[in-house]
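# Understanding the architecture of this molecule
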Amino acid sequence: MHLTFRHATVDDAPLLSEMGSCTYRHHFAHLWCRQEELNDFIAAEYSVAALQQSLSAVGTRWLIAEAERPAGFAKISWRKPVPEQTYTGALLHKLYLMPGETGKGYGEQFWQAILREARAENERWLWLEVLEANAGARRFYDARGMKMLTQTIFSSATQQSVLFVMGKALDEHA
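Residues numbered from 1 in each chain as written. Predicted model: local features only at pLDDT ≥ 70, side-chain atom pairs only at ≥ 80, totals over all residues. Heavy atoms only, no water.

### Structural notes on the overall build of the protein
Spelled out, the test is: Only DSSP runs of H or I reaching four residues or more are called helices, and only runs of E reaching two or more are called strands; each is numbered from the N terminus. The reference for a compact globule is 2.2 Å times residues^0.38; the radius of gyration itself is calculated from the C-alpha atoms. Under the scheme applied here, a residue whose accessible area is under 20% of the maximum for its type counts as buried, over 50% as exposed, and between as partly exposed, the area being computed with a 1.4 Å probe on protein chains only. Per-residue and other accessible areas were derived by the Shrake-Rupley procedure at a 1.4 Å probe size, with only the shown protein chains allowed to occlude residues. In this tally Asp and Glu are treated as negative and Lys and Arg as positive; neither His nor the chain ends contributes. By convention, the charge on Lys lies at NZ, on Arg at CZ, on Asp at CG and on Glu at CD.
Per the secondary structure count, the protein includes 5 helices and 7 strands. In the protein, the succession of α and β elements from N to C terminus is β-α-α-α-β-β-β-α-β-α-β-β. A globule of 174 residues ought to have a C-alpha radius of gyration of about 16 Å, and the protein, at 16 Å, matches this closely. Dimensions of the protein, computed from C-alpha atoms along their principal axes, come out at roughly 45 × 35 × 35 Å. The 174 residues of the protein split such that 43% are buried. Carbon together with sulfur atoms contributes 50% to the accessible area of the protein, which is approximately 9,100 Å² in total. Here the protein carries 18 positive and 20 negative side-chain charges, and the mean point of each set is 3 Å from the other.

Written out as structure tokens, the structure is:
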């Protein structure tokens, strides 16, 4: 099935809140040692108020992918400094598919939409942070030409996780 993509607006904050909480819990809840820290993180990232602010921010774009219903979402920011580099690029903050929507070729369709968006913004680089523990996502990005640039640490009150910073030059053919 083919996805359609649209730019999210402030009116989509409730939908993104629901999707964000659902997808994050589905894909990452097992990595959190304490349920209350997970809940706090999700509230900070996916509350309607936080999303309304992000959706209104200059230089940030949210995409919603839809088939018969919303299938996933992404968040991208423009001209963000690439860690330990001398250049900027499009930062892919989030690329999540809803439970039950993986394995349908949607990831590749979403990836191509993100590349189109970044090129339309005249970005020369795309970069992201991916959890070291997220082997499936790392394989996905590696297969699309993303290279390891450096690593950083995400810290919560009681735990730390390694994040790999991956990047890719955006030429016309990739």
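There is more to say after this.
### Structural notes on helix H1 (residues 13–28)
How we decide: For a helix, the expected span equals 1.5 Å multiplied by the residue count minus one. Contact criterion: two residues are considered in contact whenever any of their non-hydrogen atoms come within 4.5 Å of each other.
If you check H1, its first and last C-alpha atoms are 21 Å apart, about what 16 residues at 1.5 Å a residue would give, namely 22 Å. Buried positions along H1 lie against helix H2 (35–46), helix H3 (48–56), strand S2 (60–66), strand S3 (70–81), strand S4 (88–97) and strand S5 (125–131).

### Things to note about the pairing of strand S6 (residues 147–155)
Heads up, the rule is: For two strands to count as paired, DSSP must find a minimum of two bridges between them.
With 8 bridges connecting them, S6 and strand S7 (residues 160–169) associate as antiparallel partners. Its bridge partner lying in S7, Lys-147 is registered against Gly-167. In textbook terms, the turn of a hairpin is the stretch between consecutive antiparallel strands, and for S6 and S7 this stretch comprises 4 residues.

### A short note on the pattern of salt bridges
Let me state the cut-off plainly: Salt bridge, as used here, is a side-chain nitrogen of Lys or Arg placed within 4 Å of a carboxyl oxygen of Asp or Glu.
In this structure the tally under the stated criterion is 12 salt bridges. Residue Glu-101 pairs with Arg-69 through a salt bridge whose shortest N-O separation is 3.0 Å. You can see Glu-101 sitting in the loop between S4 and helix H4 (106–120) and its partner Arg-69 sitting in the loop between S2 and S3, a full 32 residues away along the chain. With a closest N to O distance of 3.5 Å, Glu-123 and Arg-79 form a salt bridge. Separated by 44 residues along the polypeptide, Glu-123 in the loop between H4 and S5 and Arg-79 in strand S3 bring together distant segments of the chain. The class for Arg-79 is partly exposed, based on a relative accessible area of 44%. One salt-bridge network, held together by shared partners, links Arg-61, Arg-79, Glu-117, Glu-121 and Glu-123.

### A few points about the packing of aromatic side chains
The criterion, for reference: Between 30 and 60 degrees the pair is tilted, below 30 it is stacked and above 60 it is edge-to-face, where a pair is any two Phe, Tyr or Trp rings, Trp via its six-membered ring, whose centres lie within 6.5 Å.
Counted by the stated rule, this structure contains 14 aromatic pairs. Judged by centre distance (4.9 Å) and plane angle (45°), the rings of Tyr-24 and Phe-28 are tilted. With Tyr-24 and Phe-28 both in helix H1, this residue pair falls 4 residues apart, about one helical turn. You'll find Tyr-24 and Phe-28 in the same group, each marked buried. Geometrically, the ring pair formed by Tyr-46 and Phe-73 is edge-to-face, given 6.2 Å between the ring centres and 80° between the ring planes. Of this pair, Tyr-46 sits in helix H2 while Phe-73 sits in strand S3; the two residues are 27 residues apart in sequence, bridging distant segments of the chain. Here the two residues Tyr-46 and Phe-73 agree in accessibility, since each one is buried. Put simply, the rings of Tyr-24, Phe-28, Trp-32, Phe-41, Tyr-46, Trp-62, Phe-73, Tyr-96 and Phe-154 pair up and form one aromatic cluster.

### Focus on the layout of surface pockets
Test applied: The method works on a 1 Å grid over the protein atoms by themselves. A cavity is a set of points holding a 1.4 Å probe that cannot get out, a pocket is an open set with protein on both sides within 12 Å along at least five of seven lines, and residues with an atom within 4 Å of a point line them. Grid points are joined across faces, edges and corners, and a volume is the space filled by probe spheres set on the points. Note on residue categories: nonpolar means Ala, Val, Leu, Ile, Met, Phe, Trp, Tyr, Cys or Pro, charged means Asp, Glu, Lys or Arg, and polar means any other residue, Gly included.
As a volume, the largest pocket reaches approximately 1,000 Å³. Every residue lining the largest pocket is counted, 37 residues in all, and those nearest its centre are Phe-28, Leu-95, Tyr-96, Glu-129 and Asn-134. If you list the elements that add at least two residues to the lining of the largest pocket, you get H1, H2, S4, H4, S5, helix H5 (135–143) and S7. Grouping the amino acids of the lining of the largest pocket by side-chain chemistry returns 19 nonpolar, 12 polar and 6 charged.

Fair warning: the whole summary comes from geometry, so function is off the table for now.
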